[in-house]
Amino acid sequence: MSGGTPTAGGLMRQRHSQGYASSGDDLEDDACSRIRPQSPKFPETRTWTEVLENVLWFVSASLIIYLGDWHSNLIYILFHDGRIRRIPLYLGLFGVSLNVVYFVYTSMLAWGVRKSSERWELSSTDALPYVTIVGLVSFCFFCFALWPIWSFLTLPLVFTLFMACMVILPYMVLGTFKQQPSDMFRID
């Protein structure tokens, strides 16, 4: 053994390599020297442009719901108007409720698996193409069902209602995801 630092009981070996932190080479087996990748931080506050966009979507959807077809509001029209095609409306509502159930399930799955070592991201992304297709088909069903009321304005109005739902959804979070104390010292 060549050299070392003198101590009371003899010589103590020193490591001169920088390990994983500097070069990325596998020079030592010490897991403590690896830099832990930090998860991206979500912004705590929103900029004024984001808030203005959210308010704009929400206000425009509120006006669509309140004004309806200029004679009665959208809620009354959905329940009592004979011009609406009911079967496509119900199929669209079924598709939207299917998507909502999927998103609630994956958020609960993420909340429960966060404490264990499973990788939920892999299993939850498999169904995203199907959820996207169900969302697009639901949009088409809603447009077809509401076309007799608004005609060509159905497309932007239904899109505005969907975007308002996407803006409101983050404010309806069932629970906040915070880093667990046991996750602070994990390396894997």
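Residues numbered from 1 in each chain as written. Predicted model: local features only at pLDDT ≥ 70, side-chain atom pairs only at ≥ 80, totals over all residues. Heavy atoms only, no water.

## Some words on the environment of Leu93
So, step 1. Structurally, Leu93 can be placed in helix α3 (residues 86-113).
So, step 2. Spatially, the C-alpha atoms of Leu93 and Ser138 are 7.2 Å apart, while their sequence positions differ by 45 residues. (Helix = DSSP H or I, 4+ residues; strand = E, 2+ residues; numbered from the N terminus.)

## A look at the nonpolar core
So, step 1. In this structure, Ile84, Leu146, Ile149, Trp150 and Val158 are the most contacted members of the largest nonpolar core, which totals 17 residues.
So, step 2. For this core, the element with the most residues is helix α5 (residues 128-150), which contributes seven residues.
So, step 3. The contact partners of Ile84, leaving out residues within four places of it in the chain, are Ile77, Leu78, Leu89, Ala145, Leu146 and Ile149. (Core = buried A, V, L, I, M, F, W, Y, C linked by side-chain atoms within 4.5 Å. Buried < 20%, exposed > 50% of the residue type's maximum accessible area, 1.4 Å probe, protein only. Contact = heavy atoms within 4.5 Å.)

## Description of the packing of helix α1 (residues 48-67) against helix α6 (residues 154-168)
So, step 1. Packing of α1 against α6 leaves a shortest axis separation of 8 Å and a crossing angle of 130 degrees. Relative to α6, the element α1 lies oblique. Where α1 crosses over α6, the two elements pack in a sense that is left-handed. Taken together, the residues of α6 that come into contact with α1 (itself represented by Asn54, Trp57, Phe58, Ser60, Ala61, Ile64 and Ile65) are Leu157, Phe159, Thr160, Leu161, Met163, Ala164, Val167 and Ile168.
So, step 2. Each residue belonging to the contact of α1 with α6 can be placed in one class, and the counts come to twelve nonpolar, three polar and no charged. (Axes fitted to C-alpha atoms, helices over the stretch in contact; angles between N-to-C directions. Parallel < 35°, antiparallel > 145°, perpendicular 65-115°, else oblique. Left-handed = near helix turned anticlockwise from the far one by under 90°. Nonpolar A, V, L, I, M, F, W, Y, C, P; charged D, E, K, R; others polar.)

## Some details on α5
So, step 1. Between its first and last C-alpha atoms α5 spans 31 Å; for 23 residues at 1.5 Å apiece the expected length is 33 Å, and the two agree.
So, step 2. Of all bends in α5, the biggest is about 35 degrees, found at Phe144, and the proline Pro148 comes one to four residues later.
So, step 3. At the exit of α5 stands Ser151, carrying a positive phi of roughly 50 degrees. (Expected span 1.5 Å × (residues − 1). Bend = angle between axes of the 7 residues up to and from the residue.)

## Things to note about α6
So, step 1. Compared with the 21 Å implied by 1.5 Å per residue over 15 residues, the 21 Å span of α6 between its first and last C-alpha is a close match.
So, step 2. Looking at the buried residues of α6, the elements they touch are α1, α2 (74-80) and α5.

## Points about the packing of aromatic side chains
So, step 1. Tallied over the full model, the rule gives four aromatic pairs.
So, step 2. An angle of 65 degrees between the planes, with centres 5.8 Å apart, marks the rings of Phe142 and Phe162 as edge-to-face. Linking Phe142 in helix α5 with Phe162 in helix α6, this pair joins segments that are 20 residues apart in sequence.
So, step 3. Ring pairing ties together the aromatic residues Phe139, Phe142 and Phe162, which thus form one cluster. (Phe/Tyr/Trp six-rings, centres within 6.5 Å; stacked < 30°, edge-to-face > 60°.)

## With respect to unusual backbone geometry
So, step 1. Here the phi dihedral of Trp70 falls at roughly 75 degrees; this positive angle occurs in a residue that is not glycine.
So, step 2. Classification of Trp70 as exposed rests on a relative accessible area of 72%.
So, step 3. The phi angle at Ser151 is positive, at roughly 50 degrees, despite the residue not being glycine.
So, step 4. Mapped onto the secondary structure, Ser151 falls in the loop between α5 and α6.

## So, a nonpolar patch on the surface
So, step 1. On the surface, a cluster of nonpolar side chains totalling about 840 Å² of accessible area is made up of Val51, Val55, Phe58, Val59, Leu63, Tyr66, Leu67 and Trp70.
So, step 2. Mapped onto the elements of the fold, Leu63 is located in helix α1.
So, step 3. According to the relative accessible area criterion, Leu63 is partly exposed, its value standing at 45%. (Patch = residues over 30% accessible without salt bridge, like charges linked within 9 Å, V, L, I, M, F, W, Y side chains within 5 Å. Areas by Shrake-Rupley, 256 points an atom, 1.4 Å probe, with all protein chains shown as cover. Salt bridge = Lys/Arg side-chain N within 4 Å of Asp/Glu carboxyl O.)

## Structural notes on the pattern of salt bridges
Side chains bearing opposite charge may pair, as long as their charged atoms lie close to each other.
So, step 1. In total, this model carries two salt bridges according to the counting rule given.
So, step 2. Close ionic contact of Asp81 with Arg83 constitutes a salt bridge, the shortest N to O distance being 2.7 Å.
So, step 3. Among the residues examined, Asp81 registers a relative accessible area of 15% and is labelled buried.
So, step 4. Taken together, the salt bridges that share partners define one network made up of Asp69, Asp81 and Arg83.

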